[in-house]
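Residue-level listing of the chains:
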Amino acid sequence: MLLLLQTYQMNDSVNIWQAVRAWINGLELGGYRVSGPWSNGLMLVTALLFIFLLELLLTLGIQVWERRTLARMQSRWGPQLHGNITPQTFRRVLTPILILLAIPAVLYGIEYWSSQELDQTRTSFLFAAIGVLGLAAMIVRGLALNKAGKQASKDDPVFIGFGVVLVTMIGAYLVMFGAGPDKQLNINLDALTGINSFVPLLASLCSILAFLIYIVYTLGWAWRQGLIDAVKIFFKEDVVPLNADRFLFLFAPVMVYLPALLSWIVLPFGVMVVAGHYTYMVVQDLNVGILLIIADFALFLVAVIMSGYGSNNKYALIGAMREAAMLLTYEIPMLMALLCVALFAGSLNLTTIVEAQSTTWAVLPLLPAFIIYLVVALAECNRPPFDLAEASNELMGGYLVEYSGIRFALFYVAEYANVFTVSALMAVCFFGGWKGPMFLGLDGLWLSSIFWMLLKTYAIMFFFIWARATMPRIRIDQIMFFSWKFLLPISVLVLCVTSLGVAYRHPWFMANRIPYMTIDPITHQPLTSYQTLTTLEALKSLTLNEKVFFWCYNFGLAAIAIFILALAWRILFGKKTLPRERRAVTWQPQQEAELKLNSGGGGQ
Amino acid sequence: MTLSSIRRVEKRYDPLLTETIVVSVGPQHPSLVSPVQLHIQADGELIERVTVEQGFMHRGIEMLCSQRDWAGCAALLSRTEWLAGMNGHFLLSSAIEELSGLEVPQRAQFLRSLVLELGRLSSHLYWFGDLGLEVGAVTPVFWAMREREPLLELLDMLSGHRWHGAYIVPGGVSHEPPAAFYQRLRAWLPLMRRRINSYEEYFSDNAIWVNRSELIGVLETDYAIKNGASGPVARASAVDCDLRRDAPYAAYGELSFKVPLGEYGDALDRFRVRFMEMRESMNMVEQCLDALAGAELGSARLVGASLDSPSLAAGIQGKAGQDPPLQNQAGQDPPIQIPAGEAFVSVEGPRGELALSVVSDGGHGPARVHLRGPSMYHLHLLDELCRGYLLADLFVIYASLDIMVGEADR
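Only a predicted model underlies this, so the values are computations on that prediction, with no experimental measurement involved.

Which residues make up the overall build of chain A, and what values go with them?
The helix and strand tally for chain A stands at 22 helices and six strands. Across chain A, the fraction of contacts at a sequence separation of at least 24, relative to all contacts at a separation of at least 6, is 73%. Taken as a whole, chain A presents about 29500 Å² of accessible surface, with 70% of it coming from carbon and sulfur.

Following this line, the structure appears as structure tokens:
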């Protein structure tokens, strides 16, 4: 925003809309070039769009994924009453809106069709028209069925229209971003800001609505549950308990929600070609991206303590105490695991980390660090089996117990946003981020890279939900024990092993991406450059010290690997015994004196 | 690992003069299926004392029973411990048989044992699902309900009611089950055997569960005997008691089964004992089915020949539908009249020893009824079991005791 004002003030002759367009498009305007990370408008808009879509998915979609969550939300927000958005209201309210939207679309479409100036526009209008027609057919059919009091089946021929409309969304977006059948290899930035963008946006809107209608008329109204809950929670009473610390209590949900979103600034979602240059789709390409995310997790802890202390509730206090102890404990192994990645890539920058995994995903050379991160990630976002801070069976939600309405929802969305952050960070750091077969070519680079990134992220999120359905909950002292006495030493060991491997340019730890240190002849500063070699070539390029180290290290690693394999063999195929020894039953009477000593205490 | 390493924390020297808090759990709490209030005095998360406040579910069933006729009394008794409702019917039926000197046909005895074991399975399956929820595992409850559903359908087929079917009546059982019942039960058993194994492995192979239950809530043998623990809770503490073996009723004298015993009396032992009991129950059901398939048990005519009291015979036969019912002027069945006297019967329920003491004055209903249930005793073990453990352990201990508050409050 500052940048925008700056542009505006420097050029008095430029009106505000030109400035906005310049800001978004990154054009040169009145001798002033808007530069920096915000200059790429497409990147920014795409990032915002995806953040919005992800947010929508997180708030609405995930509730349906987890039936237990749904039940819990219902119990919190009251039962779902019939009649919030009935088919009748749907018909009365949404149909006029759709018609109003369709009229200008047709008008603009006719205008551009007749002028035939822009092929892109014509194509996208075609898609939009098909979408509107399909939508209209579905609405007519749905109204008829609704009037007859019937429920449509999935085999109803009119719902072929759904497929057509779905195609329009993809088609319109492809046209909008310049991947249409008739196009040249550039991206029409006007399509985003000019009137041309209206048609594809309308087409996509129609397709989304058509999707909703399809779901409603075929699956019944079960799907609206998540949507309606999200709407309804805004209108729920916001209860502040008596004697609560009002400021802390009311501010904590905001504090918990902000860092969850803040982390997404540095997450790279993909790469695209803008004016012949590769550009990362990241809102702010920070050099210390990992640090920012870890700092955000620490902020989350602050918010949880605020809510637990401010609620004036014993359950909340106990939950916040557990959370504080747990997060403090688990930040350290997490940092160690991520440091391994930073050593591997030579940077804390997330885009650089992704680029470093061009040949091999970091999960292979850094497998122990990955396993540590996997465990810690579960603890970091309070997912089972580490969900004891909000243990619903013991503490009835822990620090959430006094919250209601939208404040409760903010906590809830923040939890899932954290899950997304942690999963995306795992995808970026260990699974190569957006790297994958770019099946759409150079034009669709942005789409295919986002596809791979989201696919990896959601696969990891699936693991999180899977773990929830599988694991019982751990007790707080066991968690402490596990982290301080097991995870922390192991993670330090892993960090040592990795850093030595990186320092001595072990090809395995560098994923055959061998660094060279040179001195810049002009500035006399050290420069690091990387070269991807085969293992044999990499070995040849090592110095004598490094070669000696390489072979010693390999023997050590082989010994560790054999030990771990033997352990795994024993666990998997060994003789199963109970974890405790058998014992003859010799019971001794309870010592009454000791009992009295125990029970007599207690602060009065 | 020996008993001396049981984690019992002494009261520490406290230079900061920190206060203990009293956390109130219940009567409405997600972990407590039925309402009971626990006042937990805790030092941080360390439990120092648990005070149980009960009575939220008091319905005055004993008093109500003395105001109802015999049939109404049976319905009320089956609703004290509703997860195995047939125990109530069995108790009252055997009390009436003891009072009026009825003899139950052999075939009916086997059918009674069969139904009682099905009730035990149903109750234990419910406990297994609840246990998963208490430790934060959501999936076991879906498994438990899935396995319980065919069982309840079988009971429904038998008596027309899924939970409180009045299948066991004075003098036998109400009627011969349909042939489809036997077939479906036989088809269900091997499936259930396989699944029970996998369910037990889910817990016993899980390091998290073993760590959370091992040597947690240790109930020592002496303490168990002194405080009236019974059933799986007592057996997990190595008290070798089982009414089915020690004082056989129904057909249990002719069935062969083992009484599983625990060693340590901790939550893990109670868990293991219940799973072993489920296996034994399935063995017993199979034995009953085999015996019922044989011809030597007599005809399917279960009630009738040896009834002394004419009014009892008329009432029961009217209910069994063998003779046209004798109706009074209001068009109702005449209430059964039982000879005056006192009877004491007891049964090994899924949670422990259920005993019924009945006084009859020869009227249409009992003059006084007293029920002895295990949950009352187990509920008051909580204070002893939870001291020195953490708050999270309380719920594991509570689940492992398998307390039914409705039966404790009555």
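Quick one: what's the story with the sheet that holds strand 8 (residues 366–372) of chain B, residue by residue and with numbers?
Hydrogen bonds between backbone atoms are what pair the strands of a sheet, whose relative direction is either parallel or antiparallel. All names here are of chain B. Read from one edge to the other, the open sheet built from three strands follows the order 6-7-8, with strand pairing classed as antiparallel. Among the strands making up the open sheet, the edge pair consists of strand 6 (341–348) and strand 8. On average, each strand axis in the sheet is inclined to that of its neighbour by 15°, with strand direction left out of account. Sheet analysis places strand 7 (residues 353–360) next to strand 8, joined by six bridges and oriented antiparallel. Among the inter-strand pairings, Ser360 is bridged to a residue of strand 8, identified as Pro366. Sheet contacts for helix 2 (residues 70–78): strand 7 and strand 8; angle to strand 8, the most-contacted strand, approximately 15°. Most of the contacts of helix 3 (residues 86–100) go to strand 6, to which it runs at about 145°, and overall it touches strand 6, strand 7 and strand 8.

I'd like a rundown of the environment of Pro253 of chain A, residues and numbers included.
All names here are of chain A. If you trace the backbone, Pro253 turns up in helix 11 (residues 246–262). Judged by its relative accessible area of 0%, Pro253 falls in the buried class. Taking the C-alpha atoms as reference, Pro253 lies 5.8 Å from Leu410; in sequence the two are 157 residues apart. With residues near it in sequence (within four places) discarded, Pro253 still touches Tyr403, Arg407, Leu410 and Phe411.

So what's going on with the nonpolar core? Which residues, and what values?
In this structure, Leu350, Tyr373, Met426, Phe430 and Phe464 of chain A are the most contacted members of the largest nonpolar core, which totals 101 residues. Considering each element in turn, this core owes the most residues, 17 residues, to helix 16 (residues 405–430) of chain A. Residues within four places of Met426 of chain A in sequence aside, it is in contact with Phe370, Tyr373, Leu374, Ala377, Phe431, Ile460 and Phe464 of chain A. Of all hydrophobic cores here, the second largest spans 81 residues; its members include Phe90, Leu116, Phe203 and Ala291 of chain B.

Any details on helix 21 (residues 544–573) of chain A? Residues and values, ideally.
Count 3.6 residues to each turn of an α-helix, and residues three or four apart come out pointing the same way. Given a rise of 1.5 Å per residue, 30 residues ought to cover 44 Å, and the 43 Å separating the end C-alpha atoms of helix 21 of chain A matches this to within 8%. When we look at burial in helix 21 of chain A, the residues that qualify are Glu546, Phe549, Phe550 and Tyr553 of chain A.

Describe in detail the sheet that holds strand 2 (residues 37–43) of chain B, supporting the description with residues and values.
Residues and elements named next belong to chain B. One open sheet accounts for three strands, arranged 1-2-3; its pairing is antiparallel. Edge positions in the sheet fall to strand 1 (21–25) and strand 3 (46–53), since each of these pairs with one other strand and no more. The sheet shows a mean angle of 25° between the axes of neighbouring strands, direction not considered. The pairing of strand 2 with strand 3 spans seven bridges and is classified as antiparallel.

Describe the pairing of strand 6 of chain B, and please don't skip the residues or the numbers.
Note that strand 6 of chain B and strand 7 of chain B share eight bridges and pair antiparallel. By the bridge assignment for strand 7 of chain B, Glu348 of chain B is matched with Glu353 of chain B.

Please provide a residue-by-residue account of the pattern of salt bridges, values included.
Residue and element names in this part refer to chain B. One pass over the full model with this rule turns up 34 salt bridges over all chains. Asp402 is the salt-bridge partner of Arg351, the closest N and O atoms lying 3.8 Å from each other. Remark: Asp402 occurs in the loop between helix 15 (391–401) and helix 16 (405–409) and Arg351 occurs in the loop between strand 6 and strand 7; sequence separation between them is 51 residues. Each member of the pair, Arg351 as well as Asp402, carries the same accessibility label: buried.

Which residues make up the packing of aromatic side chains, and what are the values?
Going through the model one piece at a time under the given rule, you end up with 39 aromatic pairs over all chains. Relative to Trp452 of chain A, the ring of Phe451 of chain A lies with its centre 5.2 Å away and its plane at 70°, an arrangement referred to as edge-to-face. Each member of the aromatic cluster is reached from another via a ring pair, and the members are Trp127, Phe128, Trp143, Tyr199, Tyr202, Phe203, Trp209, Phe271 and Phe275 of chain B. Here the guanidinium or amino end of Arg274 of chain B rests over the ring plane of Trp127 of chain B, the centre of that ring lying 5.1 Å away. Above the ring of Tyr377 of chain B, the side-chain terminus of Arg372 of chain B is found at 4.2 Å from the ring centroid.

Definitions and cut-offs
Residues numbered from 1 in each chain as written. Chains lettered and ligands numbered in written order. Predicted model: local features only at pLDDT ≥ 70, side-chain atom pairs only at ≥ 80, totals over all residues. Heavy atoms only, no water. Helix = DSSP H or I, 4+ residues; strand = E, 2+ residues; numbered from the N terminus. Contact = heavy atoms within 4.5 Å. Areas by Shrake-Rupley, 256 points an atom, 1.4 Å probe, with all protein chains shown as cover. Pairing = 2+ DSSP bridges. Axes fitted to C-alpha atoms, helices over the stretch in contact; angles between N-to-C directions. Buried < 20%, exposed > 50% of the residue type's maximum accessible area, 1.4 Å probe, protein only. Core = buried A, V, L, I, M, F, W, Y, C linked by side-chain atoms within 4.5 Å. Expected span 1.5 Å × (residues − 1). Salt bridge = Lys/Arg side-chain N within 4 Å of Asp/Glu carboxyl O. Phe/Tyr/Trp six-rings, centres within 6.5 Å; stacked < 30°, edge-to-face > 60°. Lys NZ or Arg CZ within 6 Å of the ring centre and 35° of its normal.

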